[in-house]
Amino acid sequence: MTALGPKTAAEPAKATAAFRLNGVELLADLSGALVWPARRTLIVADLHLEKGSGFARRGSPLPPYDTRATLANLAAVLDRYRPDRVVCLGDSFHDPEAGDRLSPRDRATLRRMTAAHDWIWIRGNHDPAPPAGLGGRAAAEETIGALRFRHEAAPGPVAGEVSGHFHPKIGLSVRGRQVGGRCFVEDGRRVILPAFGAYDRPDADTQPPTTAVTSPGPQGYSSRRTGPAIVCSTPSGSKARNAKAKTTR
Ligand SMILES: [Mn+2]
């Protein structure tokens, strides 16, 4: 078995940040996906498929193209890492009728993806019952080796917990310039993933792609930021502001 990794040399170098969680080596990918190479597993959170069409139905006209964009981003990262198993950490679908609103093309794309992998839909607050007929299996939680996958972080210290829900973001001051983006938050025992869904990427057109791994330390947050060509360490006490956790998801 070969280790997971970027498939071609054309992939941007250092678009990942490696860290250890409960003794397990993980890769935070710039796309927002988490990769567990030893178990050939790829994890994404908060796809929120059909969010645009859901808002449109309630009278707020948002462009309805988020599902197509999210699935294209997901296809790209699956093609790069070629995992055996995919864990979606909940809120994969924006509301209970989201599955009915999928276009035939997007439905077919999803069915191809779930058929090609061992696919686990963790249940979230937006999708307590993921749509039937798309393949994969639904679970409230899943434990694989030293890691436990659930939608929302549980209270108290939890070793090896991998979750989503909070859509964490970070703001950084880099050479006097403000950059911001989605981030992973980890403290060595648990990690919270950024949202993978297209509507949580408002920075994509105006900011350089930024995915940070940030962890609370004794002197504040430290972060390892992955960009198109760099992984930089931001020392504790630097200008990295605390990751903002949003709780309305
Ligand atoms: Mn949620």
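Above this text you will find the structure in question.
Calculation rules
- Residues numbered from 1 in each chain as written.
- Predicted model: local features only at pLDDT ≥ 70, side-chain atom pairs only at ≥ 80, totals over all residues.
- Helix = DSSP H or I, 4+ residues; strand = E, 2+ residues; numbered from the N terminus.
- Buried ≥ 20, exposed ≤ 12 C-beta atoms within 10 Å, placed from the backbone.
- Contact = placed C-beta atoms within 7 Å.
- Core = buried A, V, L, I, M, F, W, Y, C linked by C-beta atoms within 7 Å.
- Expected span 1.5 Å × (residues − 1).
- Arc of directions from axis to C-beta.
- Axes fitted to C-alpha atoms, helices over the stretch in contact; angles between N-to-C directions.
- Parallel < 35°, antiparallel > 145°, perpendicular 65-115°, else oblique.
- Left-handed = near helix turned anticlockwise from the far one by under 90°.
- Nonpolar A, V, L, I, M, F, W, Y, C, P; charged D, E, K, R; others polar.
- Pairing = 2+ DSSP bridges.

Caption draft 1: Spotlight on the overall build of the protein chain. Counting its regular elements, the protein chain contains four helices and 16 strands. The buried share among the 249 residues of the protein chain stands at 43%. In the protein chain, the share of contacts with a sequence separation of at least 24, taken over all contacts with a separation of at least 6, comes to 65%.

Caption draft 2: Examining the nonpolar core more closely. Formed by 39 residues in total, the largest nonpolar core has its most connected members in Leu34, Ile43, Val44, Cys88 and Leu89. Among all residues touching Leu89, those that are not within four sequence positions of it are Ile43, Val44, Ala45, Ile122, Phe149, His151, Ser163, Gly164 and Leu193.

Caption draft 3: Geometry of helix 2 (residues 66–81). For helix 2, which comprises 16 residues, the first-to-last C-alpha distance of 23 Å matches the rise-based estimate of 22 Å (1.5 Å per residue) to within 8%. Considered for burial, the residues of helix 2 that qualify are Asp66, Thr67, Thr70, Asn73, Leu74, Arg80 and Tyr81. What you see down the axis of helix 2 is that its buried residues fit within an arc of 160°, all on one side. Looking at helix 2, the residues exposed on the side facing more than 90 degrees away from the buried face are Ala72, Ala76 and Asp79. Phi turns positive, to about 50°, at Arg82, one or two residues after helix 2.

Caption draft 4: Looking closely at the packing of helix 2 against helix 4 (residues 104–116). At a minimum axis distance of 11 Å, the contact between helix 2 and helix 4 shows a crossing angle of 25°. In terms of their interaxial angle, helix 2 and helix 4 are classed as roughly parallel. Along this stretch, helix 2 crosses helix 4, giving a crossing that reads as left-handed. Two secondary-structure elements touch here, helix 2 through Thr67, Arg68, Leu71 and Leu78 and helix 4 through Asp106, Thr109, Leu110 and Met113. Its residues placed into classes, the contact of helix 2 with helix 4 shows four nonpolar, two polar and two charged.

Caption draft 5: A look at the sheet that holds strand 7 (residues 137–139). Taken together, the seven strands give an open sheet; going across it, the order is 1-2-3-4-5-6-7, and neighbouring strands pair in mixed fashion. The two strands at the open ends of the sheet, each matched to only one other strand, are strand 1 (16–21) and strand 7. The sheet shows a mean angle of 25° between the axes of neighbouring strands, direction not considered. Of the strand pairs in this sheet, strand 3 (residues 34–36) and strand 4 (residues 41–44) are connected by three bridges, and their pairing is antiparallel. Of the residues in strand 4, the one forming a bridge with Leu34 is Ile43. The strands touched by helix 2 within the sheet are strand 2 (24–29), strand 3 and strand 4, with strand 4 carrying the most contacts at an inclination of about 160°.

Caption draft 6: Seen up close, the pairing of strand 5 (residues 85–88). Direction of pairing for strand 4 relative to strand 5: parallel, over a ladder of four bridges. Looking at the pairing, Leu42 lines up with Val86 of strand 5.

Caption draft 7: Structural context of the pairing of strand 4. Residues Thr41 and Ile43 line one face of strand 4 and the alternating positions Leu42 and Val44 line the opposite face, and both faces are buried. Here strand 3 folds back onto strand 4 in antiparallel fashion, the turn holding four residues, of which Arg40 has a positive phi close to 45°.

Caption draft 8: Fine view of unusual backbone geometry. Positioned with a positive phi, Asn22 is a non-glycine residue whose angle comes to about 50°. Mapped onto the elements of the fold, Asn22 is located in the loop between strand 1 and strand 2. You can call Asn22 partly exposed: it has 18 C-beta atoms within 10 Å. Although it is not a glycine, Asp46 adopts a positive phi angle of roughly 55°. Positionally, Asp46 belongs in the loop between strand 4 and helix 1 (51–57). Judged by local crowding, Asp46 falls into the buried class, with 29 C-beta atoms found within 10 Å.

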